[in-house]
Amino acid sequence: MTALTEFLLRPQDDRLSSRDGEFLATMARMITASPALLARERQVFAEHTAELAAVLAEQTHAEPEDLEPWVVANALMGVHRAILDSVRRRALDGQANPRPLA
């Protein structure tokens, strides 16, 4: 879990990590107001979950149809989604520089 936490908290892109809350709030308003963007976001999360489940199955020598890699992938992506939702909410509430798990 430490590795996941470090990964999620590490800035992935210096340009994005320096964005202020207003930029994030604008993006959150745009995404949450658009059924098409929300559907695309769900699709991206589903694709990433499937990719993660495949990697987990490979690394644990599980069969592709085994339940365990899917359960773990969904749990991990659920953490990612919760962090994203938290940052969006705080940006929309006017927090100047919302950080994950802050």
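Residues numbered from 1 in each chain as written. Predicted model: local features only at pLDDT ≥ 70, side-chain atom pairs only at ≥ 80, totals over all residues. Heavy atoms only, no water.

Draft legend 1. The arrangement of the packing of aromatic side chains in detail. This model, assessed by the stated rule, comprises zero aromatic pairs. For Arg81, the ring lying beneath its charged end belongs to Phe45, and the centroid distance is 5.1 Å. (Phe/Tyr/Trp six-rings, centres within 6.5 Å; stacked < 30°, edge-to-face > 60°. Lys NZ or Arg CZ within 6 Å of the ring centre and 35° of its normal.)

Draft legend 2. Spatial organisation of a nonpolar patch on the surface. Among the surface-exposed residues, Met27, Met30 and Leu37 lie close enough to one another that they form a single nonpolar patch of about 240 Å² accessible area. Relative to the helices and strands, Leu37 resides in helix α4 (residues 35–59). On the basis of relative accessible area, Leu37 is assigned to the partly exposed category, the value being 36%. (Patch = residues over 30% accessible without salt bridge, like charges linked within 9 Å, V, L, I, M, F, W, Y side chains within 5 Å. Areas by Shrake-Rupley, 256 points an atom, 1.4 Å probe, with all protein chains shown as cover. Salt bridge = Lys/Arg side-chain N within 4 Å of Asp/Glu carboxyl O. Helix = DSSP H or I, 4+ residues; strand = E, 2+ residues; numbered from the N terminus. Buried < 20%, exposed > 50% of the residue type's maximum accessible area, 1.4 Å probe, protein only.)

Draft legend 3. The pattern of salt bridges, seen in detail. Overall, the coordinates contain five salt bridges when judged by the stated rule. As a salt-bridge pair, Arg29 and Glu22 come within 2.9 Å of each other at their nearest N and O atoms. With relative accessibility at 47%, the residue Glu22 sits in the partly exposed group. Each of Glu41, Arg81, Asp85 and Arg88 takes part in salt bridges that share partners, so that together they form one network.

Draft legend 4. The arrangement of helix α3 (residues 21–32) in detail. In this model, α3 (12 residues) spans 16 Å end to end at C-alpha, consistent with the 16 Å of a helix rising 1.5 Å per residue. Along α3, the positions that sit buried rather than exposed are Gly21, Ala25, Ala28 and Ile31. The buried residues of α3 occupy an angular sector of 130° when the element is viewed end-on, so they sit on one face. Buried residues in α3 make contact with α4 and α5 (67–92). (Expected span 1.5 Å × (residues − 1). Arc of directions from axis to C-beta. Contact = heavy atoms within 4.5 Å.)

Draft legend 5. Summary view of the packing of α4 against α5. Across the interface, α4 lies against α5 with an axial gap of 8 Å and an inter-helix angle of 140°. As far as their axial angle goes, α5 and α4 are oblique. For the element pair α4 and α5, the recorded crossing hand is right-handed. On the side of α4, the interface is formed by Glu41, Phe45, His48, Thr49, Ala50, Leu52, Ala53, Leu56 and Ala57, while α5 contributes Pro69, Trp70, Val72, Ala73, Asn74, Leu76, Met77, His80, Arg81, Leu84 and Arg88. Across the contact of α4 with α5, the residue classes tally to 13 nonpolar, four polar and three charged. (Axes fitted to C-alpha atoms, helices over the stretch in contact; angles between N-to-C directions. Parallel < 35°, antiparallel > 145°, perpendicular 65-115°, else oblique. Left-handed = near helix turned anticlockwise from the far one by under 90°. Nonpolar A, V, L, I, M, F, W, Y, C, P; charged D, E, K, R; others polar.)

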